[in-house]
Amino acid sequence: MQRVPLVLGNWKMNGSVQANESLLQGLLGSLGPEADTAIKHDSLQAGVAVPAPYLFQVATRLRMSGLLWGGQDCSNEVAGAFTGEVSADMLKEFDCQFSLVGHSERRQRAAETNELVGLKLGQLLNKGLTPVVCVGESLSEREKGSAQDFVVGQVRAATKGLNDQQLAALVIAYEPIWAIGTGKSASSADAQAMHATIREELSQQSKSAAQAIRIIYGGSVKAATAADLFAQPDIDGALVGGASLDASEFSSIIQSACPAAQSPH
Ligand code: 13P
(Lines give C-alpha, C1' and ligand atoms only; values in the text may rest on other atoms or scores of the structure.)
Protein backbone atom coordinates (compact mmCIF):
# COMPACT_ATOMS: atom_id res chain seq x y z
CA MET A 1 0.00 0.00 0.00
CA GLN A 2 1.18 3.49 -0.84
CA ARG A 3 1.24 5.62 2.30
CA VAL A 4 1.64 9.38 2.00
CA PRO A 5 5.02 10.36 3.51
CA LEU A 6 4.78 12.65 6.53
CA VAL A 7 7.54 14.90 7.85
CA LEU A 8 6.82 16.89 11.00
CA GLY A 9 9.01 19.35 12.85
CA ASN A 10 8.70 19.47 16.64
CA TRP A 11 9.79 22.90 17.80
CA LYS A 12 9.58 21.83 21.47
CA MET A 13 9.93 24.91 23.74
CA ASN A 14 11.74 27.01 21.17
CA GLY A 15 10.82 30.08 19.18
CA SER A 16 9.71 33.68 19.43
CA VAL A 17 7.32 35.64 17.26
CA GLN A 18 10.26 37.02 15.31
CA ALA A 19 12.20 33.75 15.08
CA ASN A 20 9.07 31.86 13.97
CA GLU A 21 8.43 34.36 11.23
CA SER A 22 11.91 34.05 9.77
CA LEU A 23 11.94 30.25 10.16
CA LEU A 24 8.62 29.85 8.33
CA GLN A 25 9.58 32.35 5.67
CA GLY A 26 12.87 30.51 5.14
CA LEU A 27 11.11 27.15 5.02
CA LEU A 28 8.46 28.24 2.53
CA GLY A 29 11.12 29.89 0.40
CA SER A 30 13.37 26.84 0.26
CA LEU A 31 10.98 23.91 -0.27
CA GLY A 32 11.51 24.00 -4.02
CA PRO A 33 9.03 23.20 -6.81
CA GLU A 34 9.11 19.41 -6.42
CA ALA A 35 8.19 19.34 -2.72
CA ASP A 36 5.82 22.25 -3.17
CA THR A 37 3.91 20.42 -5.92
CA ALA A 38 3.90 17.13 -3.98
CA ILE A 39 2.47 18.94 -0.93
CA LYS A 40 -0.18 20.71 -3.01
CA HIS A 41 -1.16 17.36 -4.59
CA ASP A 42 -1.26 15.55 -1.24
CA SER A 43 1.43 13.09 -2.24
CA LEU A 44 3.58 14.47 0.59
CA GLN A 45 2.59 15.95 3.94
CA ALA A 46 4.80 18.19 6.04
CA GLY A 47 4.19 20.42 9.01
CA VAL A 48 5.23 21.75 12.39
CA ALA A 49 4.20 21.06 16.00
CA VAL A 50 4.48 24.41 17.76
CA PRO A 51 4.16 25.78 21.30
CA ALA A 52 0.49 26.65 21.95
CA PRO A 53 1.03 30.43 22.27
CA TYR A 54 2.24 30.52 18.66
CA LEU A 55 -0.64 28.57 17.10
CA PHE A 56 -2.40 31.70 15.92
CA GLN A 57 0.73 33.10 14.33
CA VAL A 58 1.63 29.82 12.64
CA ALA A 59 -1.94 29.15 11.48
CA THR A 60 -2.09 32.62 9.92
CA ARG A 61 1.30 32.22 8.26
CA LEU A 62 0.78 28.69 6.90
CA ARG A 63 -2.90 28.83 5.97
CA MET A 64 -2.37 29.03 2.21
CA SER A 65 0.85 27.02 2.09
CA GLY A 66 -0.32 23.41 2.20
CA LEU A 67 1.89 22.80 5.24
CA LEU A 68 0.24 21.42 8.39
CA TRP A 69 0.47 22.74 11.92
CA GLY A 70 -0.43 21.18 15.25
CA GLY A 71 0.09 21.06 18.99
CA GLN A 72 2.75 19.29 21.02
CA ASP A 73 0.32 17.91 23.59
CA CYS A 74 -3.41 17.75 24.27
CA SER A 75 -5.29 17.47 27.54
CA ASN A 76 -7.15 14.28 28.41
CA GLU A 77 -9.94 16.53 29.72
CA VAL A 78 -12.58 18.34 27.65
CA ALA A 79 -12.61 21.67 29.55
CA GLY A 80 -12.52 23.06 33.07
CA ALA A 81 -10.18 23.66 35.97
CA PHE A 82 -6.99 22.22 34.47
CA THR A 83 -4.46 25.03 34.71
CA GLY A 84 -1.87 25.06 31.98
CA GLU A 85 -3.54 22.46 29.78
CA VAL A 86 -4.70 22.83 26.18
CA SER A 87 -7.82 21.03 24.98
CA ALA A 88 -8.50 19.31 21.66
CA ASP A 89 -11.24 21.91 21.04
CA MET A 90 -8.69 24.70 21.40
CA LEU A 91 -6.32 23.03 18.95
CA LYS A 92 -9.22 22.60 16.56
CA GLU A 93 -10.17 26.25 16.85
CA PHE A 94 -6.75 27.16 15.46
CA ASP A 95 -7.25 24.66 12.63
CA CYS A 96 -4.60 22.26 13.83
CA GLN A 97 -4.73 19.03 11.89
CA PHE A 98 -2.78 16.98 14.42
CA SER A 99 -1.17 16.98 17.84
CA LEU A 100 1.69 15.04 19.34
CA VAL A 101 0.84 12.96 22.42
CA GLY A 102 3.05 10.90 24.70
CA HIS A 103 6.35 12.49 23.70
CA SER A 104 9.11 10.98 25.85
CA GLU A 105 9.91 14.43 27.24
CA ARG A 106 6.35 14.57 28.62
CA ARG A 107 6.38 10.95 29.74
CA GLN A 108 9.59 11.70 31.68
CA ARG A 109 9.04 15.27 32.89
CA ALA A 110 5.29 15.11 33.51
CA ALA A 111 5.14 11.41 34.42
CA GLU A 112 2.63 10.67 31.66
CA THR A 113 1.54 7.04 31.70
CA ASN A 114 0.41 4.88 28.80
CA GLU A 115 -3.11 5.16 30.15
CA LEU A 116 -3.03 8.97 30.13
CA VAL A 117 -1.60 8.98 26.61
CA GLY A 118 -4.50 6.74 25.55
CA LEU A 119 -7.02 9.21 27.00
CA LYS A 120 -5.32 12.14 25.28
CA LEU A 121 -5.39 10.49 21.89
CA GLY A 122 -9.05 9.67 22.46
CA GLN A 123 -9.79 13.39 22.89
CA LEU A 124 -8.04 14.15 19.61
CA LEU A 125 -9.89 11.42 17.73
CA ASN A 126 -13.20 12.72 19.10
CA LYS A 127 -12.47 16.06 17.46
CA GLY A 128 -11.25 14.64 14.17
CA LEU A 129 -7.61 15.57 14.83
CA THR A 130 -4.77 13.19 14.02
CA PRO A 131 -2.95 11.94 17.10
CA VAL A 132 0.79 11.52 16.55
CA VAL A 133 1.50 8.99 19.27
CA CYS A 134 5.14 8.96 20.36
CA VAL A 135 6.71 5.75 21.63
CA GLY A 136 10.29 4.67 22.18
CA GLU A 137 12.62 2.86 24.55
CA SER A 138 15.37 4.18 26.81
CA LEU A 139 19.02 3.18 26.42
CA SER A 140 18.78 0.77 29.35
CA GLU A 141 15.83 -1.06 27.74
CA ARG A 142 17.77 -1.32 24.49
CA GLU A 143 20.87 -2.60 26.29
CA LYS A 144 18.78 -5.17 28.17
CA GLY A 145 17.44 -6.40 24.84
CA SER A 146 13.86 -5.49 25.76
CA ALA A 147 13.35 -2.55 23.39
CA GLN A 148 10.84 -4.33 21.16
CA ASP A 149 8.72 -5.61 24.07
CA PHE A 150 8.75 -2.18 25.65
CA VAL A 151 7.66 -0.35 22.50
CA VAL A 152 5.05 -2.99 21.64
CA GLY A 153 3.65 -2.52 25.17
CA GLN A 154 3.38 1.23 24.62
CA VAL A 155 1.65 0.75 21.26
CA ARG A 156 -0.73 -1.85 22.66
CA ALA A 157 -1.69 0.35 25.61
CA ALA A 158 -2.20 3.43 23.43
CA THR A 159 -4.39 1.64 20.88
CA LYS A 160 -6.46 -0.43 23.32
CA GLY A 161 -10.17 -0.31 22.54
CA LEU A 162 -9.85 1.61 19.26
CA ASN A 163 -11.92 0.44 16.30
CA ASP A 164 -10.33 -0.10 12.86
CA GLN A 165 -11.22 3.35 11.63
CA GLN A 166 -9.78 5.06 14.71
CA LEU A 167 -6.67 2.95 14.49
CA ALA A 168 -6.10 3.87 10.84
CA ALA A 169 -6.38 7.57 11.77
CA LEU A 170 -3.31 7.45 14.03
CA VAL A 171 0.27 8.26 13.26
CA ILE A 172 2.87 6.47 15.37
CA ALA A 173 6.21 8.19 15.93
CA TYR A 174 8.98 5.83 16.98
CA GLU A 175 11.51 7.90 18.86
CA PRO A 176 14.16 5.95 20.78
CA ILE A 177 14.95 8.14 23.79
CA TRP A 178 18.69 7.60 23.45
CA ALA A 179 18.57 9.10 19.95
CA ILE A 180 16.69 12.28 20.88
CA GLY A 181 18.87 15.37 20.83
CA THR A 182 22.03 13.28 21.06
CA GLY A 183 23.15 13.39 17.43
CA LYS A 184 23.06 9.58 17.55
CA SER A 185 20.28 8.42 15.24
CA ALA A 186 19.16 4.80 15.15
CA SER A 187 20.59 3.11 12.06
CA SER A 188 18.07 2.82 9.26
CA ALA A 189 18.15 -0.98 9.65
CA ASP A 190 17.41 -0.80 13.42
CA ALA A 191 14.67 1.76 12.89
CA GLN A 192 13.16 -0.34 10.09
CA ALA A 193 13.19 -3.42 12.34
CA MET A 194 11.28 -1.58 15.07
CA HIS A 195 8.80 -0.06 12.60
CA ALA A 196 8.11 -3.51 11.16
CA THR A 197 7.54 -4.84 14.69
CA ILE A 198 5.10 -2.00 15.42
CA ARG A 199 3.22 -2.63 12.17
CA GLU A 200 3.06 -6.35 12.95
CA GLU A 201 1.61 -5.55 16.39
CA LEU A 202 -1.00 -3.26 14.80
CA SER A 203 -1.93 -5.93 12.27
CA GLN A 204 -3.00 -8.19 15.16
CA GLN A 205 -5.75 -5.62 15.71
CA SER A 206 -6.54 -4.78 12.09
CA LYS A 207 -4.67 -5.81 8.96
CA SER A 208 -6.06 -2.97 6.87
CA ALA A 209 -5.40 -0.31 9.53
CA ALA A 210 -1.85 -1.60 9.99
CA GLN A 211 -1.20 -1.13 6.29
CA ALA A 212 -2.71 2.37 6.27
CA ILE A 213 -1.09 3.77 9.38
CA ARG A 214 2.00 5.99 9.05
CA ILE A 215 4.91 5.09 11.33
CA ILE A 216 7.46 7.89 11.36
CA TYR A 217 10.93 7.93 12.92
CA GLY A 218 12.33 10.55 15.29
CA GLY A 219 15.70 10.96 16.97
CA SER A 220 18.53 13.09 15.55
CA VAL A 221 17.14 13.04 12.00
CA LYS A 222 19.28 15.25 9.76
CA ALA A 223 19.27 16.06 6.06
CA ALA A 224 22.27 13.75 5.66
CA THR A 225 20.50 10.70 7.15
CA ALA A 226 16.89 11.27 6.06
CA ALA A 227 17.00 9.67 2.59
CA ASP A 228 18.37 6.43 3.96
CA LEU A 229 15.65 6.27 6.60
CA PHE A 230 12.88 7.08 4.10
CA ALA A 231 14.08 4.34 1.75
CA GLN A 232 13.03 1.72 4.34
CA PRO A 233 9.69 0.07 3.59
CA ASP A 234 8.11 0.73 7.01
CA ILE A 235 9.50 4.21 7.65
CA ASP A 236 6.86 6.62 6.41
CA GLY A 237 8.47 9.90 7.40
CA ALA A 238 10.11 11.67 10.31
CA LEU A 239 9.47 13.65 13.46
CA VAL A 240 12.32 16.15 13.56
CA GLY A 241 13.40 18.13 16.62
CA GLY A 242 16.57 20.22 16.47
CA ALA A 243 16.96 20.12 12.69
CA SER A 244 13.44 21.52 12.22
CA LEU A 245 14.63 24.83 13.69
CA ASP A 246 16.91 25.33 10.69
CA ALA A 247 14.87 26.22 7.60
CA SER A 248 17.23 24.83 4.98
CA GLU A 249 18.02 21.64 6.94
CA PHE A 250 14.33 20.94 7.56
CA SER A 251 13.48 21.77 3.98
CA SER A 252 16.09 19.24 2.75
CA ILE A 253 14.57 16.57 5.00
CA ILE A 254 11.13 17.30 3.56
CA GLN A 255 12.54 17.14 0.04
CA SER A 256 14.06 13.71 0.75
CA ALA A 257 10.58 12.41 1.57
CA CYS A 258 9.17 13.54 -1.79
CA PRO A 259 7.85 10.51 -3.66
CA ALA A 260 9.88 11.69 -6.69
CA ALA A 261 13.05 11.59 -4.58
CA GLN A 262 12.32 7.96 -3.66
CA SER A 263 11.81 6.57 -7.14
CA PRO A 264 14.79 4.91 -8.83
CA HIS A 265 16.68 7.29 -11.12
P1 13P B 1 15.89 15.62 17.76
O2 13P B 1 15.60 15.57 16.27
O3 13P B 1 16.39 16.95 18.22
O4 13P B 1 16.73 14.46 18.18
O5 13P B 1 14.46 15.43 18.50
C6 13P B 1 13.63 14.39 18.14
C7 13P B 1 12.32 14.59 18.80
O8 13P B 1 12.19 14.44 20.00
C9 13P B 1 11.19 15.00 17.97
O10 13P B 1 10.00 14.91 18.66
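Up top you'll find the structure we're talking about.
My aim in this report is to walk through the structure given alongside it, one point at a time.

Here is what the cut-offs are and how they apply
- Residues numbered from 1 in each chain as written.
- Predicted model: local features only at pLDDT ≥ 70, side-chain atom pairs only at ≥ 80, totals over all residues.
- Heavy atoms only, no water.
- Helix = DSSP H or I, 4+ residues; strand = E, 2+ residues; numbered from the N terminus.
- Buried < 20%, exposed > 50% of the residue type's maximum accessible area, 1.4 Å probe, protein only.
- Polar contact = N/O pair within 3.5 Å; in protein donor to acceptor, adjacent residues only side chain to side chain.
- Contact = heavy atoms within 4.5 Å.
- Expected span 1.5 Å × (residues − 1).
- Arc of directions from axis to C-beta.
- Axes fitted to C-alpha atoms, helices over the stretch in contact; angles between N-to-C directions.
- Parallel < 35°, antiparallel > 145°, perpendicular 65-115°, else oblique.
- Left-handed = near helix turned anticlockwise from the far one by under 90°.
- Nonpolar A, V, L, I, M, F, W, Y, C, P; charged D, E, K, R; others polar.
- Pairing = 2+ DSSP bridges.
- Phe/Tyr/Trp six-rings, centres within 6.5 Å; stacked < 30°, edge-to-face > 60°.

**Digging into the side chain of Arg-3**
1) Next: Among the secondary structure elements, Arg-3 is positioned in the segment before β1 (6-10).
2) Next: When its relative accessible area of 13% is taken as the criterion, Arg-3 is described as buried.
3) Next: A polar contact is formed between the side chain of Arg-3 and the backbone oxygen of Gln-211, at a distance of 2.8 Å.
4) Next: Sequence-distant contacts of Arg-3, defined by excluding residues within four places in its chain, comprise Arg-199, Gln-211, Ala-212, Ile-213, Arg-214, Pro-233, Asp-234 and Asp-236.

**Observations concerning helix α8 (residues 147-159)**
1) Next: The end-to-end C-alpha distance of α8, which contains 13 residues, comes to 18 Å, matching closely the 18 Å that a straight helix rising 1.5 Å per residue would cover.
2) Next: All of the buried residues in α8 are Ala-147, Val-151, Val-152, Gln-154, Val-155, Ala-158 and Thr-159. Buried residues in α8, looked at end-on, bunch into an arc of 155°, giving them a common side.
3) Next: Downstream of α8 by a residue or two, Gly-161 has a phi angle that is positive, lying close to 80°.

**Concerning the packing of helix α1 (residues 17-30) against helix α3 (residues 55-62)**
1) Next: It is the contact of α1 with α3, at a shortest axis distance of 11 Å, that shows an interaxial angle of 25°. Judged on the interaxial angle alone, α3 and α1 are roughly parallel. Once α1 is placed against α3, the crossing between them reads as right-handed. Along the contact surface, α1 presents Val-17, Asn-20, Glu-21, Leu-24, Gln-25 and Leu-28, while α3 presents Gln-57, Val-58, Arg-61 and Leu-62.
2) Next: In the contact of α1 with α3, the residues fall into five nonpolar, three polar and two charged.

**Concerning the pairing of β1**
Both faces of the sheet carry side chains from a regular strand, because those side chains alternate between them.
1) Next: With five of its five residues buried, β1 lies for the most part within the structure.
2) Next: Taking every second residue as pointing to the same face, both faces of β1 are buried, with Leu-6, Leu-8 and Asn-10 on one and Val-7 and Gly-9 on the other.
3) Next: Where β1 and strand β2 (residues 45-49) come together, five bridges link them in parallel fashion. From the neighbouring strand, Asn-10 faces β2, where its bridge partner is Ala-49.
4) Next: Bridge count between β1 and strand β8 (residues 237-240): four bridges; the pairing is parallel. Pairing of Leu-8 across the sheet is with Leu-239, part of β8.

**Digging into the packing of aromatic side chains**
1) Next: As enumerated under the stated definition, the model contains two aromatic pairs in all.
2) Next: Here Phe-56 and Phe-94 contribute two aromatic rings whose centre-to-centre distance is 6.4 Å and whose plane-to-plane angle is 80°, an arrangement assigned as edge-to-face. Taken together, the positions of Phe-56 in helix α3 and Phe-94 in the loop between α4 (88-93) and β4 (98-101) put the pair 38 residues apart, joining distant regions of the chain.
3) Next: On the basis of relative accessible area, Phe-56 is assigned to the exposed category, the value being 58%.
4) Next: Pairing Tyr-174 with Tyr-217 gives two aromatic rings, centres 6.2 Å apart and planes at 55°, and the pair type is tilted. Taken as a pair, Tyr-174 in strand β6 (residues 171-174) and Tyr-217 in strand β7 (residues 214-218) lie far apart in primary sequence, 43 residues in all. Each member of the pair, Tyr-174 together with Tyr-217, is buried.

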